[in-house]
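# Structure at a glance
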Amino acid sequence: MALFRNSLKCYPAAEKTIFGSYRCISADASLKDCLANKIPKEQERVKNFRKEHGNTKVGETTIDMMYGGMRGIKGLVCETSVLDADEGIRFRGLSIPECQKVLPKAAGGDEPLPEGLFWLLCTGDVPTQAQVQSLSREWATRAALPQHVVTMLNNMPNTLHPMSQLSAAVTALNHDSKYAKAYSQGVHKSKYWEFVYEDSMDLIAKLPVIAATIYNNTYKGGKGNMCVDSNLDWSANFVKMLGYDDEKFTELMRLYLTIHSDHEGGNVSAHTVHLVGSALSDPYLSFAAGMNGLAGPLHGLANQEVLIWLLKLREQVGKSPSEQELKDFIWKTLKSGQVVPGYGHAVLRKTDPRYTCQREFALKHLPNDPLFQLVSNVYKVVPPILTELGKVKNPWPNVDAHSGVLLQYYGMKEMNYYTVLFGVSRALGVLASLIWDRALGLPIERPKSLSTDALMKLVKK
């Protein structure tokens, strides 16, 4: 069995990452030092690969792909994660169960720390406990918001959607972008990644403060303690600022922020950050654009849609419906032209591993919760019905089928806020990717488009 090796620990693993090695320069090296060591080697590797295979064709594009939202077109580079239709997501080569096993955890905790996942996404290495703790402390020192952002957040109406508040606040952070300042001063393009790294670290550090301020202003009358404790990890500080003190909820948040972080490069939020960043917009503008995509009902709002559907089911059928009553309600939903939210996926052809690990968390901590039991019963009934329908390529549940139920159990019932949590997590993946976009010198994205007439002429030829 392969091993992750460093001077402190050995970790079992299934396979190597794209870098071919799990070793950083030293066990106590900083994240930026590790990247500075790896980037020149990876730049050279990509340069040589493109020189030798730059004209190699990858896949074929069909008319349906072009009209169908570019579904399945192989046209992006994403180093941080890969989504396999049958296997699910792998972060730098590691599955979710493997990440749960090898990534450092909080003292007494069972779930991986998101700091460790960010390190893994950036470097391909599993960090040591000391490196993760150092990252927690560094994010705590970077967490303070500029006064103009605090003032803006406190003056937003509480009727404004939380995602709109998040996007506006992140955009306003652009005022202090280190990358934008360096670019305006003519920094050499080989240094772009360093300033994108600094902005990304600042943004990730500040997101829990922004998100907690939005939560407290919108739902708690502006009450809340926005002080960041350097002795707490990123998730624990976030939960504390949200006003919760249940350690199990903190553990859930560590899991949630880890598994929602990345889903390769083609989903709306990740692709948008990459696209806007390719124009050399700074990380704040790029991430804000991605959050506007995440706010859509077909992307980040999906977990909210699932919960609304479940509550509607309970209201119409009862809290403990029979299997036949469930089937009748599901068929009614489908025959009315609606979908069963939380089922199906653009890529996956199996139960989403992110659903599975949340289900395992629920079985461990809230097995008797009525809403969780309802989700479990729906899980038994929906896939056979969708299979019988014959129009769904993947009848299995995705990540959104479960997350809202867990949040409800621990008292977070404000469904409009759930996508903000998703956004805080997604920053880890898209910003790690953005650092590498600039490190590899990826150009502005500009695919070729054709009109329907042009396509018809092409087909005739």
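Here the structure is shown first, and the text comes after it.
Now for a description of the structure that goes with this document. As the structure is a prediction and not an experimental result, all values here were calculated from the model.

## Some words on the nonpolar core
Counting residues in each nonpolar core, the largest one holds 116 residues, and the members touching the most others are F118, F238, M412 and Y417. In terms of residues, this core owes the most to one element, helix α9 (residues 192-219), which gives 15 residues. With residues up to four places along the chain from it excluded, the contact list for F118 reads L31, L135, W139, M201, I204, L428 and A432.

## Notes on the sheet that holds strand β5 (residues 94-95)
With respect to topology, three strands assemble into an open sheet ordered β3-β4-β5, the strand pairing being antiparallel. Edge positions in the sheet fall to β3 (81-84) and β5, since each of these pairs with one other strand and no more. Where strand β4 (residues 88-91) and β5 come together, two bridges link them in antiparallel fashion. Opposite R90, over in β5, you have S95 as the bridge partner.

## Some points on the pattern of salt bridges
Tallied over the full model, the rule gives 15 salt bridges. Here E98 makes a salt bridge to R90, at a shortest N to O gap of 3.1 Å. The pair E98 / R90 is uniform in exposure class, with both members buried. As a salt-bridge pair, R142 and E198 come within 2.8 Å of each other at their nearest N and O atoms. Remark: E198 occurs in helix α9 and R142 occurs in the loop between α5 (129-141) and α6 (147-154); sequence separation between them is 56 residues. Judged by its relative accessible area of 12%, R142 falls in the buried class. A residue is classified by how much of its surface remains accessible, and E198, at 15% relative accessible area, is buried.

## Regarding a nonpolar patch on the surface
A cluster of nonpolar residues, I63, M66, Y67, L450, L458 and V459, forms a patch on the protein surface that exposes about 580 Å² of accessible area. Listing elements by their share of the nonpolar patch, those giving two or more residues are α2 (63-67) and α20 (452-460). Residue contributions to the nonpolar patch peak at three residues, all from α2.

## Observations concerning the pairing of β3
Residue alternation in β3 divides its side chains into a buried set, S81 and L83, and an unburied set, V82 and D84. Summarising the sheet, β3 and β4 pair through four bridges and their orientation is antiparallel. From the neighbouring strand, D84 faces β4, where its bridge partner is G88. Taken together, β3 and the strand that follows it, β4, pair antiparallel across an intervening segment of three residues.

## As for unusual backbone geometry
One non-glycine residue, M70, lies in positive phi territory at about 60 degrees. Relative to the helices and strands, M70 resides in the loop between α2 and β3. Its relative accessible area of 46% is what places M70 among the partly exposed residues. A positive phi angle, close to 50 degrees, is found at R92, a residue other than glycine.

Definitions and limits used
- Residues numbered from 1 in each chain as written.
- Predicted model: local features only at pLDDT ≥ 70, side-chain atom pairs only at ≥ 80, totals over all residues.
- Heavy atoms only, no water.
- Core = buried A, V, L, I, M, F, W, Y, C linked by side-chain atoms within 4.5 Å.
- Buried < 20%, exposed > 50% of the residue type's maximum accessible area, 1.4 Å probe, protein only.
- Helix = DSSP H or I, 4+ residues; strand = E, 2+ residues; numbered from the N terminus.
- Contact = heavy atoms within 4.5 Å.
- Pairing = 2+ DSSP bridges.
- Salt bridge = Lys/Arg side-chain N within 4 Å of Asp/Glu carboxyl O.
- Patch = residues over 30% accessible without salt bridge, like charges linked within 9 Å, V, L, I, M, F, W, Y side chains within 5 Å.
- Areas by Shrake-Rupley, 256 points an atom, 1.4 Å probe, with all protein chains shown as cover.

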